[in-house]
Amino acid sequence: MNPFSLEGRTALVTGANTGIGQAIAISMGRAGAKVICAGRRSCAETVAQIEGAREITLDFADPMAARDVFSGEPIDILVNNAGIIRRSDAVDMREEDWDAVIDVNQKALFFTSQAFARAVFDRGGTGAIVNIASLLAFQGGIRVAAYTASKHAVAGITRVLANEWAARGINVNAIAPGYIETNNTEALRNDPDRSQAILDRIPAGRWGEAKDIGEAAVFLASPAAGYIHGTVLSVDGGWLAR
Ligand code: NAP
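An unreviewed UniProt entry annotates the protein chain as 2-deoxy-D-gluconate 3-dehydrogenase of Hoeflea olei. Regarding the protein chain, the relevant UniProt record gives this comment under Sequence similarities (unreviewed entry): "Belongs to the short-chain dehydrogenases/reductases (SDR) family."

Draft legend 1. Main features of the overall build of the protein chain. If you tally the helices and strands in the protein chain, you get seven helices and seven strands. The C-alpha atoms of the protein chain give 17 Å as radius of gyration, which agrees with the globular expectation for 242 residues (18 Å, within 12%). Put simply, the protein chain has 242 residues, and 50% of those count as buried. Within the protein chain, contacts between residues separated by at least 24 positions form 69% of all contacts whose residues are at least 6 apart in sequence.

Draft legend 2. Representation of the UniProt feature "domain: Ketoreductase" (unreviewed entry) in the protein chain. As recorded in UniProt, the sites labelled "domain: Ketoreductase" (unreviewed entry) are residues 9–201. End C-alpha atoms of residues 9–201 are separated by 38 Å, and the span's content is 40% helix alongside 17% strand.

Draft legend 3. Molecular detail of the site of the ligand. Inspection of the region around the ligand gives 29 residues, with Asn17, Arg40, Arg41, Tyr147 and Thr182 positioned closest. Taking Asn17, its side chain carries an N or O atom lying 2.6 Å from an oxygen atom of the ligand. Contact between the ligand and Gly178: an oxygen atom at 3.2 Å from a main-chain N or O atom of the residue. For the ligand, the accessible surface in isolation is 880 Å², of which the surrounding protein chains cover 94%. Elements supplying a minimum of two residues to the shell around the ligand: helix 1 (19–30) and helix 4 (145–165). Residues that form the shell around the ligand fall into these classes: 13 nonpolar, 12 polar and four charged.

Draft legend 4. Quick look at the sheet that holds strand 4 (residues 77–80). Spatially, seven strands are ordered 3-2-1-4-5-6-7 in an open sheet, and the strand pairing comes out parallel. Each edge of the open sheet is held by one strand with a lone partner, namely strand 3 (54–57) and strand 7 (232–235). On average, each strand axis in the sheet is tilted by 20° relative to the strand beside it, whichever way the strands run. With four bridges joining them, strand 2 (residues 34–39) and strand 3 adopt parallel strand pairing. Looking at strand 3, one finds that Ile36 is bridged to Arg54. Most of the contacts of helix 1 go to strand 1 (residues 10–14), to which it runs at about 170°, and overall it touches strand 1, strand 2, strand 4, strand 5 (127–132) and strand 6 (170–177).

Draft legend 5. Expanded view of the packing of aromatic side chains. Applying the stated criterion to the full structure yields six aromatic pairs. With a centroid separation of 6.0 Å and 80° between ring planes, the pair formed by Phe121 and Trp165 is classed as edge-to-face. On the criterion of sequence distance, the pair formed by Phe121 in helix 3 (residues 95–122) and Trp165 in helix 4 is long-range, its members being 44 residues apart. The partly exposed category is assigned to Phe121, whose relative accessible area is 22%.

Draft legend 6. Structural detail: the side chain of Asn17. Mapped onto the elements, Asn17 comes out in the loop between strand 1 and helix 1. Once you skip the residues sitting within four places of it in the chain, Asn17 turns out to touch Gln22, Arg41, Ser42, Cys43 and Thr46.

Draft legend 7. Summary view of the environment of His152. Here His152 is to be found in helix 4. His152 gets classed as partly exposed once you look at its relative accessible area, which sits at 37%. Spatially, the C-alpha atoms of His152 and Leu136 are 6.7 Å apart, while their sequence positions differ by 16 residues. Contact partners of His152, with chain neighbours within four places excluded, come to Leu136, Ala137, Phe138 and Gln139.

Draft legend 8. Molecular detail of the packing of helix 1 against helix 7 (residues 210–221). Contact pair helix 1 / helix 7: the axes reach a minimum separation of 7 Å and the direction vectors enclose 50°. Relative to helix 7, helix 1 is oriented oblique. Viewed along their axes, helix 1 and helix 7 form a crossing whose handedness is right-handed. For the pair helix 1 and helix 7, contact is made by Gly19, Ile20, Ala23, Ile24, Ser27, Met28 and Arg30 and by Ala210, Lys211, Ile213, Gly214, Glu215, Ala217, Val218 and Ala221, respectively. Grouping the constituent residues of the contact of helix 1 with helix 7 by class yields nine nonpolar, three polar and three charged.

Rules behind the numbers
- Residues numbered from 1 in each chain as written.
- Predicted model: local features only at pLDDT ≥ 70, side-chain atom pairs only at ≥ 80, totals over all residues.
- Heavy atoms only, no water.
- UniProt positions renumbered as here; feature names shortened; annotations may be inferred.
- Helix = DSSP H or I, 4+ residues; strand = E, 2+ residues; numbered from the N terminus.
- Rg over C-alpha atoms; globule rule 2.2 N^0.38 Å.
- Buried < 20%, exposed > 50% of the residue type's maximum accessible area, 1.4 Å probe, protein only.
- Contact = heavy atoms within 4.5 Å.
- Near = heavy atom within 4 Å.
- Polar contact = N/O pair within 3.5 Å; in protein donor to acceptor, adjacent residues only side chain to side chain.
- Areas by Shrake-Rupley, 256 points an atom, 1.4 Å probe, with all protein chains shown as cover.
- Nonpolar A, V, L, I, M, F, W, Y, C, P; charged D, E, K, R; others polar.
- Pairing = 2+ DSSP bridges.
- Axes fitted to C-alpha atoms, helices over the stretch in contact; angles between N-to-C directions.
- Phe/Tyr/Trp six-rings, centres within 6.5 Å; stacked < 30°, edge-to-face > 60°.
- Parallel < 35°, antiparallel > 145°, perpendicular 65-115°, else oblique.
- Left-handed = near helix turned anticlockwise from the far one by under 90°.

This is the structure in structure tokens:
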């Protein structure tokens, strides 16, 4: 058996309608997983590219929205990808923006993981969680205070869950994507000075593509990563090595 294959596993990817989530869903489908694409809007574009995929609605406007999602068919892999960013100077940050970012990026990620783990434990199964963190799990960033707080929290949650669940059959890990061409970074790419400054410090000499993250997520969800617990894997073209 190919240890990098996801054959026979079912994977649920949040925020699978676009960007990194879409790429992860496609990569996991290609690796043999049965894929459930979760989104607050239609994931039809993603589902159409994956044989046997289906979609469900999951809107983390309610951070507890996934409470019942795992009680049906067995789901072996959870990818907590859904996330938002709100940019403003720290002195201007509004409470409603802070709460919105923390609710989706941090609270929903934790409670979706909890619901997933309860179902895995109830059936005596095994599983893998891949959380999508950020370079801002390690660095401060600029004008993104709530986002940075939430992504530092994603790294911490990844570690605490790994500590609690590694011996119970669930691998919990995270990916820290570098600068990837998606909606999330549109504002940066539209600013010629920021865009060039970012590019200048990426050793790989290019922005990341969503599929760069997709392949790393397949690895962390696969049997090949069976002894990997609580790691935050940078997929950043070398940014953090600089
Ligand atoms: P994106 O294109 O904006 O995708 C974000 C995804 O999250 C979309 O599917 C979005 O749905 C979904 N989402 C947002 N709010 C939601 C909610 N309330 N309920 C359910 N889904 C919700 O950006 P992306 O770059 O692919 O981001 C994916 C993840 O990667 C995020 O966690 C982000 O923080 C992280 N990340 C991205 C980069 C980068 O450079 N792009 C770097 C580091 C980390 P809608 O389409 O409906 O908004």
